[in-house]
Each structure stands twice: as C-alpha cells, then as structure tokens.
Amino acid sequence: MARPAHRRPGQSRKAQYSLFAAYVIAVTGAVAGLLLAVLSVVDPVGFAQLRVASQEVTAPIARGTRSVIGSISGIDDTVGAYVSAGTQNRRLRKELADTRRELVATSSLQEENRQLKALLKLQETDKTALANGYLLTSTSTSSKRIALLSIGRNLGVAAGQPVRGADGLIGRVLGAGPSVSQVLLLTDVDNIVPVRRARDGLPALASGRGNGDLDVRTLNIANNPFKPGDILVTSGTGGLYPPNIPVAIVVRRQDDGALARPLADPGKVDAVSVLRPYTPDNIEAQGLPGPATPSAVTPPPAKAP
C-alpha cells in the first residue's frame, strides 16, 4: 500500500519532537520573562544584582566581538590608506615644492629690503652718492669681471665713477650708455684699489684675481703682518674711491701678502649706489675728510723719563 503524499506532523515522530521542543522553549521563555518582570517589581535590588551577573557572563563574548569588529575596521582603514597613499604623496610633494618657492621668494625680498634700507641710510649720511640702481647681470666665468647696471647717462652716470653696495665696494663704472652702464668689478685683474687695514691703518693694494678673490700686498714687501679676519677698507689714496668703504676680509695669509674675499658679492648684490669720484675738488666742496697723512695724525704723548 503506497504512503500518502502529504503527512501531518502528528504522523512523524521527528516532527512531533521538534514541535514539542519549540513549545517548551516558548513557554520557558515566557515564564522566565514573567518571573523577571515580577522580580524587578518585588525585589529591585536582587533584580539589579541578577542583571549585573548576567552582564559579567556575557562580557567575554562582548569583548571578543569588539576585538573582531575593531580588527575588521583596522583592515579597512589600512587598505584605504594604502589605496590613497599615492594621491597623498603627490599632494604633499606639491605642497612642499610650493612652500620652498615661497620661502625662497621671502628670503630674496628680505635680503633686497635689507640692502635698500642700508643704501637709504648710506645716502642720508654720505653726500657722495649720485644715483641708485640695480645690477642686472654679472659675469662669473669670463676673463673680464663686468656687471651690467640698470642706470646710465640719464641719471648722470659716467665712466670712472665708484660703485658700492650696502656691504661694501663693488667696482667702478667702465662705460655708460643712455640707460645702462658697465661696471668693472672689484675682482677683475685690471682693477687695483688702494686700501688700508681698518684696525691700524696699514696701507696696502688690493687687486683682483679674476676668480672672485683679491690679492692684497703691502707697500713694504718685506713686511707681511696680515692675519685671517683682517678687514680692509678704501684708503682714498690716489683719488677715485672715497675713503672708509668696506672692501674685503682676509681669509688666508700668503708668502707675499694675503688672500682676501670681497665683502660685497656681486652675484648676490641687487641694489647699488653710484658715487662721485673722490677728487680734491669734491673733498673741498663737500667737506669730506681726506685720507690720513702722517702730519694729520696726532703723535702719542712722550713718556716721562
């Protein structure tokens, strides 16, 4: 005899057990919930202790679940950071390049302001200043050390006039055009400047080496008293360059003199002043002090016997 296609749960022992278990669980849950509700009303303190105890039992499970969730979240953040690392690196490199450009521009402006302020102060105190301008270009590898000045005959610039920066002597005007001029730099081999040591007035001659440095020799070849750190200024001897303009600092002593470095680097100087040539007529007209002579120096008092 064939079995019927659809059988009721009562005809299957397994189905009966499953249905019975479901009823038991449901009744047990309802009874437990009712008891807990009654307990919370009758004995709130005991219900609170029971709730704390249940939380202590479930705490390890909560910790494990939190750890798993945190690990998954950390993996997501790591993957996201790895994916966006290229974009972040490009953005940071661009910001760094922009910051460097701004820093260079700011440093250049600060240096230019310093030079302009120094020149303004010099012009207020030095009556030999004729005009101010800018060094446009300067040669660094040519055998002739020449710079191009942004002013010319339009402002009274003429050949033979001294040129100085805020830090010291630059050279002299070699030739003047209508709006630009050529300056023979201090470091050119054809430029010889009478100088003196600032601390004691020792006279000497400074001549360019053609490589950015100066040779310094005393008038007495047998005497070589120079030391590194000695400051040299113009002496005014022979005219052209006014006295007391900073020229160079001694960096090394040599057999026949010293090696010095100009205090005003033409490659870094922007603003310069063109001065009137230092001549006896200019000295008398402007009331400038001339170069020191032996008769003008006050002799020291004689020692008592």
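Before reading further, recall that the structure is shown in the block above.
All figures in this text were calculated on a predicted structure; none of them were measured in a lab. (Residues numbered from 1 in each chain as written. Predicted model: local features only at pLDDT ≥ 70, side-chain atom pairs only at ≥ 80, totals over all residues. Heavy atoms only, no water.)

Peer 1: Just checking my understanding: could you explain the sheet that holds strand 10 (residues 246-254) for this structure?
Peer 2: Backbone hydrogen bonds are what pair the strands of a sheet, in a parallel or an antiparallel way. If you walk around this closed barrel you meet the 6 strands as 6-7-8-11-10-9, and the pairing is antiparallel. Pairs of neighbouring strands in the sheet enclose a mean axial angle of 40 degrees, with direction left out of account. In this sheet, strand 11 (residues 257-262) lies alongside strand 8 (residues 214-218) in antiparallel orientation, the contact comprising 3 bridges. Bridge pairing in strand 11 links D215 to L259. (Pairing = 2+ DSSP bridges. Helix = DSSP H or I, 4+ residues; strand = E, 2+ residues; numbered from the N terminus. Axes fitted to C-alpha atoms, helices over the stretch in contact; angles between N-to-C directions.)

Peer 1: Can you walk me through the nonpolar core in this structure?
Peer 2: Across soluble globular proteins, nonpolar side chains have a tendency to be buried as a group. Of all hydrophobic cores here, the largest spans 20 residues; its most connected members are L169, V195, V216, F226, L232 and V247. Contributions of two or more residues to this core are made by strand 6 (192-197), strand 7 (203-208), strand 8, strand 10 and strand 11. For this core, the element with the most residues is strand 10, which contributes 3 residues. Sequence-distant contacts of F226, defined by excluding residues within four places in its chain, comprise R197, L202, A204, V216, T218, L232, V250, R253, G257 and A258. V157, V163, V183 and V272 belong to the second largest nonpolar core, which has 15 residues in total. (Core = buried A, V, L, I, M, F, W, Y, C linked by side-chain atoms within 4.5 Å. Buried < 20%, exposed > 50% of the residue type's maximum accessible area, 1.4 Å probe, protein only. Contact = heavy atoms within 4.5 Å.)

Peer 1: Before we go on, may I ask you to explain the pattern of salt bridges in this structure?
Peer 2: If the charged atoms of two oppositely charged side chains come close together, the side chains can form a pair. According to the stated counting rule, one finds 6 salt bridges in the structure shown. For the salt bridge of R197 with D200, the shortest nitrogen-to-oxygen distance reads 2.6 Å. For D200, a relative accessible area of 44% corresponds to the partly exposed category. The salt bridge partner of R197 is D230, with a shortest N-O separation of 3.1 Å. (Salt bridge = Lys/Arg side-chain N within 4 Å of Asp/Glu carboxyl O.)

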